Every structure is written in structure tokens, then in C-alpha cells.
Amino acid sequence: MYLEKPTINSILKGLKRLSVSDNTQFLLLIGENCKLNLEELVLSLNKAKHLFIGGVFPKVIYKNLTSDTGIIIKMINLDVVPIYFNSEEEFLNQYADYHEHKFTTAFTLIDGLSEKASDHLTTLFTHLGNNVRFFGGGVGCLETKDKGILLTNDGVFNTGTIVVFLNSNTRMDSKHGWQKSEGPFIVTKSEKNLIKELNWENAFEVYKKCLKETQNINLTKENFSTHSIHFPFGIYKEERDYIVRDPFDVNPNGHITCVGNIPENSLIDILAIEKEQLESISKIMISNCLVETKGTPIAIMFSCISRVKHLQNQFDEELEALNNELITKFPHCELEGALSIGEIYSSGEGYLELLNKSIVLGLAY
Amino acid sequence: MNTNSLITDISFLYELSLSVGQSLDRKENCKNFLQTLMSRKNLEFGGVWIRNYSIPYSAKTTGYTVIYSHPQIKLEQTYIEDSNFLNQCFEEKDSFSIPLTMEAREAIGFRKKERGVITCYKLRELGFVVLYSSAQDKLWDEIEQRKLKNVINKFAISIKACLFHEKSILDLITISKTQKELEKAKKEAEESNELKSAFLSNISHEFRTPINAIIGFSNLLKNQDINPIEQKGFIDNILNSSSKLLKMVNNLLYVSKIDSNQLNYTLKTFKINETLRDVKAHLNSQLANKPQVNFKLVFPNNSEDVQIESDRDKLIQIMDSLVDNAIKFTNTGNIELGYYIDDKSIPVFYIRDTGIGISKEKQKHIFEVFRQLDYEANRKFEGFGLGLTLCKKLIQLLKGEIWFDSEESVGSNFYFRLSGNGRVQMDLLNDTKPNSNDNLGSINDLDFSEKNILIAEDVRSNFNYLNAIIELTDASVVWAKNGKDAIQICRDNNPKIDLVLMDIRMPEIDGMEAIKQIKDTNKSIPVIVQTAYAMNNEREECLHAGADNFITKPIDPRKLIQILQEYLQ
């Protein structure tokens, strides 16, 4: 369900319409400019005995539309209580109760702008391994900081990670379409999500020089995010897509902040996207998520906010193509999700890492 | 191979090489290396197995232990035995890549349900690395395996450095710990030496004092001119000193015998109250020297016939020693010797005093051999610090236990019980029949608090002794140090004197003359002569002078009490 400019009352009414009874669990994806007092929302939902998790995103997706003032409400089937954590110790304390449970999927909402985001994913992978599939998105506000961005029945949190374990049959895929443009560069100095040096020189200077030489762009610290959005970094991985790292900020020292960690001494390329790549994404993704069924699956997608900024009009086309492709296969299925700060996806094979500039799509049957 | 893929490979090896040896902590080092490798190769597990004999201070010498694994949940066990499977796989090669069969899973302790492929590298002589992918087709060919060999070797050396570093730290900790223990042992040995020296110097003084008295009085006895009375006095001194000396030697022998398990005990059933009274009787002479100390025997109600099965002599020795200490360390106030019956029907004996107490710091050492709280040169108290050690050892011998509480300047309470064989016969506690045969049993019942007794005695210790006995009756005591004072006090009669205990040999005016003058003034005052001169004619002389009765030294407390009862009640 999608509500534009929601109030607490309209949300409670909406829940009634969805026939959400006491003890039904649901997911709230909230656009960052919704004028909602999250603490009051949590109190009201607790009063009404609803079980929920939620996150604030730059924008929410409903069918082929995006909005930063809307809210998506989705019913979900949770076997166990969600876990909120901000350290490995906190996770382990709570996960100890769930060791014996069998899950197919760990639905994860993570503070995408936190330097701890990659560590939290490592924590999840350390203790869950590839026995479950991971799916989710990075929450956060682009315009305001230190605001509540994650919510559970326990309250509103400014940072951290929420993970819920699902037992349903899920199919997921992830794509970004980015290809190498220039490189390689060696990250000779980095600290978590901050690149300090590339090829033993100041990171910003190297990046600036590269964009000048290859794209004839005069990059400055002031116009950095306007251009960097189109030229992300890619960490090379064998036999899989690049892990994209979005350079979203540059500090006075010329250090570039990315969404997600960049290991020191790793090899990165500067990426660009080709139009042809984009056109094929929707078809491939939907087809990878298909299961022969008479029912209607629940569809959730997270697409990177920087992808929207980069693609602009092309993003609308991409979203429409995905929505159309989904409706073609499942006419009653509504594509819902959010524009996120970092995406989470692991099919059960390979190493779990925070993705950037990607689309992740999950269908729960 | 094209240039791009070559650059990709080199850059990967570069990244991987630089992730090696970033930390001397083995876990951190493994984490940096394996997570880089897993991320780049998109692997789902990486772990490092090290031979147990290479792990510093490992209790195991065979097999391998996993020192790092990520994610941890892939493994069912972190310790594995040496296996033919691994030996065969690594035979003549340093790496292999195989499907994860049941045999392979068991050999490395992997979870049974896992499927996929493992690639393993030997870490020189230290152990091996396992990399896992769930994709069945991810077998690494020879070239792919060979690409990583150099960097894996480098990783092996870094692990060796970590283990060496860890061993050095553990060695240092062990050395420092051993050093501390050695220092402690040295300090204890030095302290024990000091204690022994203090003990020896102490013991030599303690031995020399009675020996000097024995030699001195023995020499005096050689003199033909001394009268029989003096002679007796000298002999008494010799006997006292000998008995003191014997007690010290016995104590030393006891400690030595107990230490060498040569001391036995004889069990018999005996009455507790009677025994405690005997203890008190032994200590009377000491108590006499402490006029400001009030000594009390405290028994449970109806306990007169309560018996215990234990070694009576040793029980007396224990109590002697504890009361001896209480007297020694109490200058004014009270000392109580008594017992109560605990909830397991075992008598718990106690000795309470209001003496100098024991400081917190010294409390933990008081049962140690050779300890006396004041063993320094300026010690104020006699004895050589074996008393409490002996008590504890004797109590342990009798399968009992001793404990205490104490506060400096407030006093000390010592308790002990003799369990097992020392159980009280409880039925006797209910027997309310009083035992009238025991005269001393009634001392505590006497109440002469309204009476004033004059003691005419020039020797302080003798006065103290008499005073201690009389105090048991709660009577007030007035001391006259010579005959003249005694006459004056009786003349003044303020306070009213109810009885006079008169010594005969006194300065200024002797006892005989004093009796006459007192009786001239006030015939009704009973005058009891107490003297060491027990010749028959002297008794007659005293009675003739007006004395009412006669008691000879050493004074038997029971006899004195009988006389007091006779004249005061």
C-alpha cells in the first residue's frame, strides 16, 4: 500500500484497510520528506499492537513512481522478532535465541551512510554465512542528518541495522550495468569508506585529473557530487559484477567519501554506464526472479538513489520497464520499494558486500 | 593471457600481499588476508588450521586447531585429528582443489550438509588454509592454484611470526609470573628466617630466665645459713621456674611431634565443666598478677554433667594456652572462658578477652609457627609465639577447628570445636539435678558485693593472687602493704572492714602485732592469717594473738572460699 503525505491517522486507517489485525507484522518504507513524527508513530503503532519494522529512505517506489513524501506499507510474514543491532556483540546476544530456526532469507535494513555498514554486513555473514540469502537496502536521509532512520516496536534509531528472518520462498537478483571506463587505480590509502590516496597521490587530485582527461570535466570540490554520481568506482571481483562504490563527498583534504568500504591496496576502476546495458536489465532481472505459480508474489525492490541522479529520465524508463515486465508476468503484483543508500544482495553464493548504484529485486512467493 | 587480465592478476596479488603481516595478532592477520582473498575471489568460507604442536602453550600435541575461520558457522569442530585423507591430498604437493566430499568434510570438521568445492594450501610445516565455494564448478585448476602460491607462502611466514610473537609474549608472562612467585617465595623464606631468628633470640631469652632462676636459687641453697622458710621459698622458685621451663620444652616437643605425625591422642569421656574449672585453677597464679582483669567461667544452663569424648589433657592444654594468651594480652577488663552447644550438638569453646586485640594485617599470620604479634626486640609480652600454632595443631589433631574474631584495642574472641569424636552427650543437658559435691562450682553463685576485705600483704604478687580469688565473690578488696597500714585502716573502718587476711612477715609492724592491735580496737573483725610459715607453734601464736583462723601458702582457692563463706555469710 502506498500513501502520499501520510499522517499517523492515515497510516492507522490504511492498516485497517489492509486488514492488518493485532499482531500482524508489516514493513514501513518512509520517504525522507514525510512530515511524520516517528516517535509518535511508534507509540501509536505499539498502542494498536502492531508488529513492524521500518526505515527512512531518500524516496519510496510505488509501481513506476517515486516519492520522497510518501510511505509504503507492506505486510510481511515474520517467524521471529526482528533484530536491531549496532555491534557484533548486540547481534550475537539476540541471535543466540534463533540458532535453531531455519530461514531462507535475511531481510536487512542498514544505515547506508554509516562507516559501520560494511562491518555490520560482515557480522551477518560471519554468523549466518551463505546459509541464508541476503536482501535489503541502505536507509538514510540525504538532506538531514542525525534523524531517526530505523524503527521497530522498540523505538526509533539514528543508526544501526535491522534484520528480519523470512522463511518464505524468495527469488532475488541484482544488477547495475556499470562497466569499466578507466583504470585500474590502486587504493594506496583508505580508511573504511574514505579513500585518501589513489596511486600514491591525493585521491581527489587523481580522480579530478582522470575526469578531465577522459571526460573533459573540470571537477572541483564544490561541483564534486554533480559529476561523481556519473563516474563511480568499481572494485574488481572475479566472475561477478564490479562492486560499485559511490563517491558522494570530498573533504577539504581531498579525501573521497564513498557509500561502503574500500579496502586499502584494492584495485578499482572508474566506471560508466552504457544505454544498451540499461535496456536489458529489467527483462533479465524479472526473468531471474520468476517461479511458475498461480499466486501473486510480493515484490520489493531497492534501487540506489545515486542511480536515479545519474540516470535521471532514463531511470524513469528503467522503473517503468521493470514495472511493466512484472505486471506482464503477474498482473496483480505491485512493485514497491525504495531508493536506497546502498543495496544488499546475496543469492547464497559468494561473499556478502554492500552494493552501490545497483538495483536489487526480490519476489516472495 | 592479455595485458588487462595480467594487470588484474598482479593487482590482486599486490592487494593480497599487502594484506599479509599487517598485524602480529594471528587472528587479525588471518582476517586481513582471508577476507581480502574471499571478497576478491567471491568465496564463501576461508579458514586456517595450525598443527597443535606449533601453537604456543597448546595442551594438545597432535592434530590441528582452527585459529581463524570466516564465517564460523561452517565448521562443526575447531579441532581435528591428523588424517590419512589430508596426508594423501598434500602428498608431494602444496595445494589441491577438490569437491567437498563426505571424507573431506570429516577430515576438516566442516558441517555435514555443506556441498561445493574446497581449495586447500599447505602453510609450510605449520598447517593449511581452506577456501570454500558452494558452487560445484569452482574447482581451481593448476594455474589458478599456482598464482596464489607465493603469497600463501608469505602468509605462512607471517603466521609463523605471529605464533612466535605470541610465544614470546606468553614466555614473558610466564617468566614474569615465575619471577613474582620466586620473589614471593624468597620473601616468605626471608620472613621465615627472620621469624626463626626472632624466635631463637626470643626462646633463648625465655629459656634463660627460668634457668637463671634455677641456677641462682640452687646456689643460694648451698648456703648453710639460710633458714628453712627461705629455703622453701627458694625451692618454690626453683620448682616454678622448672615447671615453666618444662612447659616450654613440652610445647616445642608437641609442635615438633605433631609436625612429624608422632603425637597421638587418647579418647575418653569426661565432664566439660569440671575440666574448665581445672583450667582456671592452673591459671590462678597468672591471674593473680593481673588484678585489673576479671576472669569468668561461663557454662550453659544445666550443663554440670555434660560430657565430651575427647583427649582431656590436650583440651586442657589448648585452653591453657588460649587463656594464657588472653591473660598476657589483657591488662584491664574481662576474660571469659566458656562454651555453648551449637545446632549440631557440638560444644563450641570460647575464650573472650578485652585485651589489645589483633590488627587486621596480623590476623592472617597468627597461627603461623614462630609468630608472636610482638616478636620485635622491644616486645612487651613474654612467650615465644608457639601457643596459637600449637593450639591449632592440637585442634586439628582432634579433628576440630579453630577460628577467631578480633579488633585492635577492643579485644579478641577465640572459638574452637572438637567435632567427630568430640560430640557432646546431649541428654545430660536436660538433666537438671544439681551437683552439690562441687564446692567451686558455687563460687560464681557467691555474692559478697556488700563486703570489704582487707588484705595485709607486702608482696604484690601474693596480693594479686588473693585479690583474684576474692574478686570471684564480688567482694571489695582493700590492700595494706604492711601491718601499720592494716591497723590504721581497721581503726578508720571506712569502708567498714568485714574480714582481714593477714600476712605475718611484713615490714614496719609484723602480722602478729597487727592482729593484736586490730583485735584491741575491734574484736568482731574476723582476722585470717595467711602465711608461708606453716610451723605448728606459729599457728598457736597467731591464734593466741587473736587470729580467727589460719591458712597456709600456697593458698588453695577452695579452702580460702570455704573460710570466707564461714566468716562472711
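Naming follows an unreviewed UniProt entry, where chain B appears as histidine kinase of Marinifilum flexuosum. What UniProt states about chain B under its Catalytic activity (unreviewed entry) heading is, verbatim, "ATP + protein L-histidine = ADP + protein N-phospho-L-histidine."

By the naming in an unreviewed UniProt entry, chain A is FIST-like protein, taken from Marinifilum flexuosum.

Description of the side chain of Glu343(A)
Residue and element names in this part refer to chain A. Residue position: glutamate 343 is located in strand β23 (residues 343-346). Of the side chains with opposite charge, arginine 307 comes closest to the buried, unpaired glutamate 343, at an N-O distance of 7.6 Å. At 3.4 Å, the side chain of glutamate 343 and the backbone nitrogen of lysine 357 are in polar contact.

Examining the interface of chain A and chain B
If you look at the interface, chain A gives 28 residues, while chain B gives 30 residues. For the pair chain A and chain B, the two sides together bury roughly 2300 Å², of which 49% comes from carbon and sulfur. Three residues, Glu238(A), Asn265(A) and Tyr351(A), lead the burial of chain A against chain B; their summed loss comes to 27% of the area buried on that side. Applying the counting rule to chain A against chain B returns 1 salt bridge. Among the ionic pairs, Glu238(A) bridges to Lys41(B), the shortest N-O distance being 2.9 Å. Our count for the chain A to chain B interface comes out at 12 residue pairs in polar contact (both at pLDDT 80 or more). Going through the elements one at a time, α4 (117-128) and β14 (178-191) of chain A are the ones with two or more residues in the side of chain A that touches chain B. The greatest single-element share of the side of chain A that touches chain B, amounting to 5 residues, is contributed by α4(A). Residues of the side of chain A that touches chain B, tallied by class, amount to 9 nonpolar, 11 polar and 8 charged.

Observations concerning unusual backbone geometry
Residue Gly183(A) is joined to Pro184(A) through a cis peptide bond whose omega torsion reads 5°. Secondary-structure assignment places Pro184(A) in strand β14. Residues His70(B) and Pro71(B) are joined by a peptide bond in cis, for which omega reads -5°. Along the chain, Pro71(B) falls in the loop between β2 (64-70) and β3 (79-80).

Analysis parameters
Residues numbered from 1 in each chain as written. Chains lettered and ligands numbered in written order. Predicted model: local features only at pLDDT ≥ 70, side-chain atom pairs only at ≥ 80, totals over all residues. Heavy atoms only, no water. UniProt positions renumbered as here; feature names shortened; annotations may be inferred. Helix = DSSP H or I, 4+ residues; strand = E, 2+ residues; numbered from the N terminus. Buried < 20%, exposed > 50% of the residue type's maximum accessible area, 1.4 Å probe, protein only. Lys, Arg positive; Asp, Glu negative; His and termini not counted. Salt bridge = Lys/Arg side-chain N within 4 Å of Asp/Glu carboxyl O. Polar contact = N/O pair within 3.5 Å; in protein donor to acceptor, adjacent residues only side chain to side chain. Contact = heavy atoms within 4.5 Å. Buried area = accessible area lost by both parts, 1.4 Å probe. Nonpolar A, V, L, I, M, F, W, Y, C, P; charged D, E, K, R; others polar.

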